Amino acid sequence: MTRYDETNRQFDGAMALCRDIFARKLNDYGPSWRMMRPESITDQIYIKAKRIRSLEIKKEAMIDEGILPEFIAIVNYGLVGLIQLDCGFADDIDITAERALELYDKYADQARRLMKAKNHDYDEAWRGMRINSYTDLILTKLQRTKQIEDHSGMTEVSEGIDANYMDMVNYAVFGIIKLTE
């Protein structure tokens, strides 16, 4: 098995973990997130990334949840963000749980394809990075996303909000892989 094959296998395993949590929360709450505007999703991801950074720095948690659940939440909110960018937000729950999972899978597949392409070009560089670097990169992507949102989604030369969400998803998946290997 090549290193790339191993990365693909690990990526799929991390995404399966995230999807399982997403599906179970859909069972509990339904797709209530359909009411969230993209800016609110960005802020949710920000909260999760700030908590990860806080735990990395303080080395202790007062709430009995560690870093792994926060990376999982970043993946799931990132995919929700992509769905919301594509479908718009709703004033009421307007899709079924089954449709929500179809959309989730669509964007998870896009994230996987992007990871494979970048992983090829960067030659597995993520493996030599520290987990706290993923956190810092996610926080940087969040600041960029907020700036783009504040400019009504307009950029001059930079990638858009969707590309930033996609990168956040992939960095969070790398964090999940490192935390679970």
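For the structure itself, look to the data block above.
What comes next is a walk through the structure. (Residues numbered from 1 in each chain as written. Predicted model: local features only at pLDDT ≥ 70, side-chain atom pairs only at ≥ 80, totals over all residues. Heavy atoms only, no water.)

**Some remarks on the overall build of the protein chain**
A tally of helices and strands in the protein chain yields six helices and zero strands. Listed by position from the N terminus, the elements making up the protein chain come as α-α-α-α-α-α. In summary, the protein chain has a C-alpha radius of gyration of 16 Å against a globular reference of 16 Å for 181 residues, a match within 12%. Viewed in the frame of its principal axes, the protein chain has a C-alpha envelope of about 45 × 40 × 40 Å. By residue count, 41% of the 181 residues in the protein chain fall in the buried class. Within the protein chain, residue pairs in contact and separated by at least 24 positions form 81% of the contacts whose partners lie at least 6 positions apart. Carbon and sulfur atoms provide 50% of the accessible area of the protein chain, an area that totals close to 10,000 Å². Counting 25 positive and 31 negative side-chain charges, the protein chain places the averaged centre of each group 4 Å from the other. (Helix = DSSP H or I, 4+ residues; strand = E, 2+ residues; numbered from the N terminus. Rg over C-alpha atoms; globule rule 2.2 N^0.38 Å. Buried < 20%, exposed > 50% of the residue type's maximum accessible area, 1.4 Å probe, protein only. Contact = heavy atoms within 4.5 Å. Areas by Shrake-Rupley, 256 points an atom, 1.4 Å probe, with all protein chains shown as cover. Lys, Arg positive; Asp, Glu negative; His and termini not counted. Charge placed at Lys NZ, Arg CZ, Asp CG, Glu CD.)

**Some thoughts on the pattern of salt bridges**
Under the definition given, this model contains 16 salt bridges. The shortest N-O distance in the salt bridge between Glu-70 and Arg-51 comes to 2.8 Å. Placement of the pair is Glu-70 in helix α3 (residues 67-87) and Arg-51 in helix α2 (residues 38-58), with a sequence separation of 19 residues. The pair formed by Glu-70 and Arg-51 is uniform in burial state, with each residue classed as buried. A salt bridge links Lys-106 to Asp-86; the nearest nitrogen and oxygen atoms lie 3.6 Å apart. Residue Lys-106 is located in helix α4 (residues 97-122), and its partner Asp-86 is located in helix α3; the two are separated by 20 residues in the primary sequence. Residue classification places Asp-86 among the partly exposed residues on the basis of a relative accessible area of 44%. Put simply, Lys-48, Arg-51 and Glu-70 are held in one network by salt bridges that share partners. (Salt bridge = Lys/Arg side-chain N within 4 Å of Asp/Glu carboxyl O.)

**Brief notes about the layout of surface pockets**
Quantified by volume, the largest pocket comes out at close to 480 Å³. Lining the largest pocket are 18 residues, with Lys-25, Tyr-29, Ala-73, Asn-76 and Tyr-77 positioned closest to its centre. The element contributing the most residues to the lining of the largest pocket is α3, with seven residues. Of the residues assigned to the lining of the largest pocket, the class counts are eleven nonpolar, three polar and four charged. In this model, the second largest pocket occupies a volume close to 300 Å³. In this structure, the second largest pocket is lined by 14 residues; those nearest its centre are Lys-118, Tyr-122, Trp-126, Tyr-171 and Phe-174. Of all the secondary structure elements, the ones that give two or more residues to the lining of the second largest pocket are α4, α5 (131-150) and α6 (161-180). (1 Å grid on protein atoms, 1.4 Å probe; cavity = no way out; pocket = protein on both sides within 12 Å on 5 of 7 lines; lining within 4 Å. Points joined across faces, edges and corners; volume = space filled by probe spheres on them. Nonpolar A, V, L, I, M, F, W, Y, C, P; charged D, E, K, R; others polar.)

**Notes on the packing of helix α1 (residues 3-29) against α4**
It is the contact of α1 with α4, at a shortest axis distance of 11 Å, that shows an interaxial angle of 160 degrees. Taken together, α1 and α4 sit at an angle that is classed as roughly antiparallel. The two elements α1 and α4 cross, and the hand of that crossing is right-handed. Here Tyr-4, Thr-7, Asn-8, Phe-11, Asp-12, Met-15, Cys-18, Arg-19, Phe-22, Ala-23 and Leu-26 of α1 lie close against α4, whose contacting residues are Ala-97, Ala-100, Leu-101, Tyr-104, Asp-105, Ala-108, Ala-111, Arg-112, Met-115, Lys-116, Asn-119 and His-120. A class-by-class count of the residues in the contact of α1 with α4 yields 14 nonpolar, four polar and five charged. (Axes fitted to C-alpha atoms, helices over the stretch in contact; angles between N-to-C directions. Parallel < 35°, antiparallel > 145°, perpendicular 65-115°, else oblique. Left-handed = near helix turned anticlockwise from the far one by under 90°.)

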